[in-house]
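Below are the chains, spelled out letter by letter.
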Amino acid sequence: MYVDGYVLAVPQANLAAYRKMARKAGKIWKEHGALEYMETVEDDVQPGKLTSFPQAVKRKAGELVVFSWIIYESKAQRSRINKLVMKDPRLAEMADPKNLPFDAKRMFWGGFKPIVTL
């Protein structure tokens, strides 16, 4: 398995628009072969002394932290699927920074190799 994870801040007023966009994006990823696509919104996150989810995205008043991941069969599958997704015209429509319901500059992401799965 291989996992892409990402974290971002979404204005609470834009949460419905973000959810709509995420549902559409998730369907595209799954159509191209992703095993799982999950979007979650903060429920119990607190600022830390040095770092935390809110601090990492520079959460502002009225924003919510979104923590999400996509699971793939392998890193090679992730590379293949992401190439297809990035060429998919349905995603291009959503990916215009002017139309995003969040500030993409405060989003961070990465690829991860599982070390424990149960």
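The structure this text deals with has already been given above.
Scoring rules and cut-offs
- Residues numbered from 1 in each chain as written.
- Predicted model: local features only at pLDDT ≥ 70, side-chain atom pairs only at ≥ 80, totals over all residues.
- Heavy atoms only, no water.
- Patch = residues over 30% accessible without salt bridge, like charges linked within 9 Å, V, L, I, M, F, W, Y side chains within 5 Å.
- Areas by Shrake-Rupley, 256 points an atom, 1.4 Å probe, with all protein chains shown as cover.
- Salt bridge = Lys/Arg side-chain N within 4 Å of Asp/Glu carboxyl O.
- Helix = DSSP H or I, 4+ residues; strand = E, 2+ residues; numbered from the N terminus.
- Buried < 20%, exposed > 50% of the residue type's maximum accessible area, 1.4 Å probe, protein only.

(A) Main features of a nonpolar patch on the surface. Residues Ile115, Val116 and Leu118 make up a contiguous nonpolar surface patch of roughly 480 Å² in combined accessible area. Relative to the helices and strands, leucine 118 is located in the segment after strand S4 (108-112).

(B) Examining the pattern of salt bridges more closely. Taken as a whole and judged by the stated rule, the model has 6 salt bridges. Notably, a salt bridge pairs arginine 78 with aspartate 4, separated by 2.8 Å at the nearest N-O pair. With arginine 78 in helix H3 (residues 75-87) and aspartate 4 in strand S1 (residues 2-11), this residue pair connects regions lying 74 residues apart in the sequence. Neither residue differs from the other here; arginine 78 and aspartate 4 are each classed as buried. The partner of arginine 90 in a salt bridge is aspartate 88, and the shortest N-O contact between them spans 2.8 Å. Looking at aspartate 88, the relative accessible area reads 7%, which means it is buried.

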